[in-house]
Amino acid sequence: MRMSRYFLPTLKENPAEAQIASHRLMLRAGMVRQGAAGIYSWLPLGLRVLKKIEQIVREEQDRAGALEVLMPTIQSADLWSESGRYDDYGKEMLRITDRHGREMLYGPTNEELITDIFRREVKSYRDLPKNLYHIQWKFRDEIRPRFGVMRGREFLMKDAYSFDLTAEDGVKSYNAMFVAYLRTFARMGLTAIPMRADTGPIGGDLSHEFLIIAETGESEVFFHNKFNDMSDNFKVSGDHATIVAEWTEPYAATEEMHDEDSCSVAEGELVRGRGIEVGHIFFFGDKYSKPLNAVVQGPEGPPSAVQMGSYGIGVSRLVGGIIEASHDDNGIIWPEAVAPFKVGLMNLGPKKEDCVEFCDKLYADLEAAGVEVLYDDRKDGAGAKFANMDLIGLPWQVAVGPRGLKNGVVEVKNRATGEKRELTPEAFLAEMAA
RNA sequence: CGGGGAGUAGCGCAGCCUGGUAGCGCACUACACUGGGGGUGUAGGGGCCGCAGGUUCGAAUCCUGUCUCUCCGACCA
């Protein structure tokens, strides 16, 4: 993509309303713009990141055997009355009345709707297990939205729902999702630690939150330093139960769940940090299937309510979360897997014909090799280009100027490490295409 | 929802107390110079001073109401 044709409204100064790094950087890097409190428009650069994260989530859900569906954002209040949550959910739920006076709502979650879909169609244990998910916008009318997309009112969430005949099978489905989550966050270059969690309003008795570690995290967390190692050398093998056991064995707790007295981790091994919740999984048995009468015929005859779990990932929150975990004073540092572009190509001699030609060719070659590249072909000064490129945080920067051109080399910088090397364009191309 | 702060150009802000031609920096446009870390100069464009009402000869400024944004707390993917 040529920057001269792109829509990338970057800001030199910090917008007054943005307090934390990710919010500030997302506004400055031209990723999002606020519409109303906690509601954002996604501009091209931000949308690319959102889509990448969404796709990783999708691939890992598919790999785990979940099936993608798409449920609407607007739901009828009837179902929620049936489950009893229409009154319980309170003011967080955005309620809407249609022209006929029917009560509707903008879905904050989808347990009721998915259970309804399931119960209409599935009557036999032979059709189990099933796990259905979708990636859809949700709305929760937070009392106080803040931190940009990290706690917006409208947010993109992946939510999956598992259906099993027995609690034992239900736990298997839970474990499969647990492992899928580990893989998902690892692919995004995050250290995500599963922590035993309170089940809150969703209910149930088995639940884990996944938190990514970042200095600016919202809640204080305590965990065994083994996790750093497990995350750095991420590998999962064996059956799901074994993996889950492995990842739940070391101590890890959020502020609310942490108890100094019962915490047996040695002082030197306990890490005290801050975390951002990016995923939450629950196994809640028949909490919704019973009131909503989602039953299947069992092998022995009598029908029984299905055993369910639900599994959320905050997709839009992850965009902010990743930035919180990965940035410096100059801007964002994207992990390659979610970077909007892999390479940022800068023409430092935009008025020199040979330099333009050289850059145009390198750009075309990169594109032809399937490398995602953002090409700064504008007539700005070099300083502005460097600063802008650091701000938007593409993993690889390649500067082409008259200086290097004389020797037939380009200067390549790794955004994360700051390491700079001079390479021939051929060598650079080969490295990027690999 | 309780307690603070703020709405003036795309962004960051001054002006308000003490009413009288709406300003500054960045960004934007044109031209020239510059050209490896947000460069320099000259000349420009851009405002229902959040909205409504009131006081006044006259309101960005004073008064009343209202909407919005934001920070701290309780709640949440």
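The present account deals with the structure reproduced in this document. (Residues numbered from 1 in each chain as written. Chains lettered and ligands numbered in written order. Predicted model: local features only at pLDDT ≥ 70, side-chain atom pairs only at ≥ 80, totals over all residues. Heavy atoms only, no water.)

## Overview of the side chain of serine 316
At step 1: Position of serine 316 relative to the elements: it lies in helix 9 (residues 315–325).
At step 2: When residues no more than four places from it in sequence are discounted, the contact partners of serine 316 are Trp42, Leu50, Trp137, Val149, Phe155 and Leu156. (Helix = DSSP H or I, 4+ residues; strand = E, 2+ residues; numbered from the N terminus. Contact = heavy atoms within 4.5 Å.)

## Some remarks on the sheet that holds strand 4 (residues 74–76)
At step 1: Pairing is antiparallel across the open sheet formed by three strands, whose spatial order is 4-6-5. Edge positions in the open sheet fall to strand 4 and strand 5 (94–97), since each of these has one partner strand only. Mean inter-strand twist for the sheet, computed between neighbouring axes without regard to direction, equals 35°.
At step 2: Examined bridge by bridge, strand 4 and strand 6 (residues 103–106) share three bridges and lie antiparallel to one another. Residue pairing across strands places glutamine 75 opposite leucine 105, the latter belonging to strand 6. (Pairing = 2+ DSSP bridges. Axes fitted to C-alpha atoms, helices over the stretch in contact; angles between N-to-C directions.)

## A word on the packing of aromatic side chains
At step 1: Applying the stated rule across the entire model yields 13 aromatic pairs.
At step 2: Ring geometry for phenylalanine 227 against tryptophan 247: centres 6.0 Å apart, planes inclined by 40°, an arrangement best described as tilted. Placement of the pair is phenylalanine 227 in helix 7 (residues 226–232) and tryptophan 247 in helix 8 (residues 240–248), with a sequence separation of 20 residues. Tryptophan 247 matches phenylalanine 227 in its accessibility class, with the two residues each being buried.
At step 3: An aromatic cluster is present here, built from Phe178, Tyr181, Phe185 and Phe210 joined pairwise through their rings. (Phe/Tyr/Trp six-rings, centres within 6.5 Å; stacked < 30°, edge-to-face > 60°. Buried < 20%, exposed > 50% of the residue type's maximum accessible area, 1.4 Å probe, protein only.)

## Some points on the side chain of arginine 58
At step 1: You can see arginine 58 is positioned in helix 2 (residues 44–63).
At step 2: Apart from residues lying up to four places away in sequence, arginine 58 is in contact with Glu68, Tyr133 and Ile135.

## Observations concerning the pairing of strand 1 (residues 32–36)
At step 1: Pairing geometry for strand 1 and strand 2 (residues 39–42), over four bridges, is antiparallel. In the sheet register, glutamine 34 faces strand 2, and the bridge partner there is tyrosine 40.
At step 2: In textbook terms, the turn of a hairpin is the stretch between consecutive antiparallel strands, and for strand 1 and strand 2 this stretch comprises two residues, one of which, glycine 38, has a positive phi near 75°.

## Overview of empty space enclosed by the protein
At step 1: Here the structure, examined in full by the defined rule, presents one cavity of 30 Å³ or more.
At step 2: Put simply, the largest cavity is a space of about 60 Å³.
At step 3: Surrounding the largest cavity, Tyr40, Trp42, Trp137, Val149, Gly152, Glu154, Phe155 and Ser316 form its lining.
At step 4: Secondary-structure elements contributing two or more residues to the lining of the largest cavity are strand 2 and strand 8 (154–164). (1 Å grid on protein atoms, 1.4 Å probe; cavity = no way out; pocket = protein on both sides within 12 Å on 5 of 7 lines; lining within 4 Å. Points joined across faces, edges and corners; volume = space filled by probe spheres on them.)

## Digging into the sheet that holds strand 23 (residues 420–423)
At step 1: Pairing is mixed across the open sheet formed by five strands, whose spatial order is 20-19-21-22-23. Here the strands that pair on one side only, and so sit at the sheet edges, are strand 20 (373–376) and strand 23. Strand after strand, the sheet turns through a mean of 20° between neighbouring axes, direction not considered.
At step 2: The pairing of strand 19 (residues 343–347) with strand 20 spans four bridges and is parallel. Looking at strand 20, one finds that valine 343 is bridged to valine 373.
At step 3: Contacting strand 19, strand 20, strand 21 (396–400) and strand 22 (410–414), helix 10 (residues 353–368) runs over the sheet at an angle of about 165° to strand 19.
At step 4: Each of strand 19, strand 21, strand 22 and strand 23 is contacted by helix 13 (residues 425–433), which is oriented at about 120° to strand 23, the strand it contacts most.

## Description of the protein's contact with RNA strand B
At step 1: Taken together, 47 residues lie near RNA strand B, and Arg144, Glu277, Lys351, Asp390 and Glu411 sit nearest.
At step 2: In RNA strand B, atoms within 4 Å of the protein come from the sugar-phosphate backbone in 45% of cases.
At step 3: A distance of 2.9 Å is found between a base nitrogen of RNA strand B and a side-chain nitrogen or oxygen belonging to glutamate 13.
At step 4: At a separation of 3.4 Å, a base oxygen of RNA strand B approaches a polar side-chain atom of glutamate 142. (Near = heavy atom within 4 Å. Polar contact = N/O pair within 3.5 Å; in protein donor to acceptor, adjacent residues only side chain to side chain.)

## Considering the nonpolar core
At step 1: Ranked by internal contacts, the top residues of the largest apolar core, which has 75 residues, are Met31, Ile53, Phe185, Met188, Val319, Trp334 and Ile392.
At step 2: Per-element tally for this core: the top contributor is helix 6 (residues 167–187), with seven residues.
At step 3: Setting aside its immediate chain neighbours within four residues, phenylalanine 185 contacts Leu190, Ala192, Phe210, Val278, Gly279, Ile313 and Leu318.
At step 4: Counting 24 residues, the second-largest nonpolar core is a separate cluster that includes Met93, Ile114, Phe163 and Met308. (Core = buried A, V, L, I, M, F, W, Y, C linked by side-chain atoms within 4.5 Å.)

## Describing the layout of surface pockets
At step 1: In this structure, the second largest pocket encloses a volume near 260 Å³.
At step 2: In terms of lining residues, the second largest pocket is bounded by 15 residues, among which Leu128, Pro129, Lys130, Asp164 and Ser173 are the most central.
At step 3: When residues of the lining of the second largest pocket are traced back to their parent elements, those giving at least two are strand 7 (130–139) and helix 6.
At step 4: Partitioned by chemical class, the residues of the lining of the second largest pocket number eight nonpolar, three polar and four charged. (Nonpolar A, V, L, I, M, F, W, Y, C, P; charged D, E, K, R; others polar.)

## Examining helix 2
At step 1: Over its 20 residues, helix 2 extends 28 Å from the first C-alpha to the last, a length consistent with the 28 Å expected when each residue adds 1.5 Å.
At step 2: Along helix 2, the residues that are buried comprise Leu45, Gly46, Val49, Leu50, Lys52, Ile53, Glu54, Ile56, Val57, Arg58, Glu60 and Gln61.
At step 3: Glycine 65 lies just past helix 2 and shows a positive phi near 95°. (Expected span 1.5 Å × (residues − 1).)

## Considerations on unusual backbone geometry
At step 1: Residues leucine 128 and proline 129 are joined by a peptide bond in cis, for which omega reads -5°.
At step 2: As for its position among the elements, proline 129 is in the loop between helix 5 (111–121) and strand 7.
At step 3: The phi torsion at phenylalanine 147 lies on the positive side, around 60°, for a residue other than glycine.
At step 4: Within the secondary structure layout, phenylalanine 147 lies in the loop between strand 7 and strand 8.
At step 5: Positioned with a positive phi, asparagine 293 is a non-glycine residue whose angle comes to about 55°.
At step 6: Mapped onto the secondary structure, asparagine 293 falls in the loop between strand 13 (270–285) and strand 14 (295–297).

That's the geometry; what it means functionally is another story.
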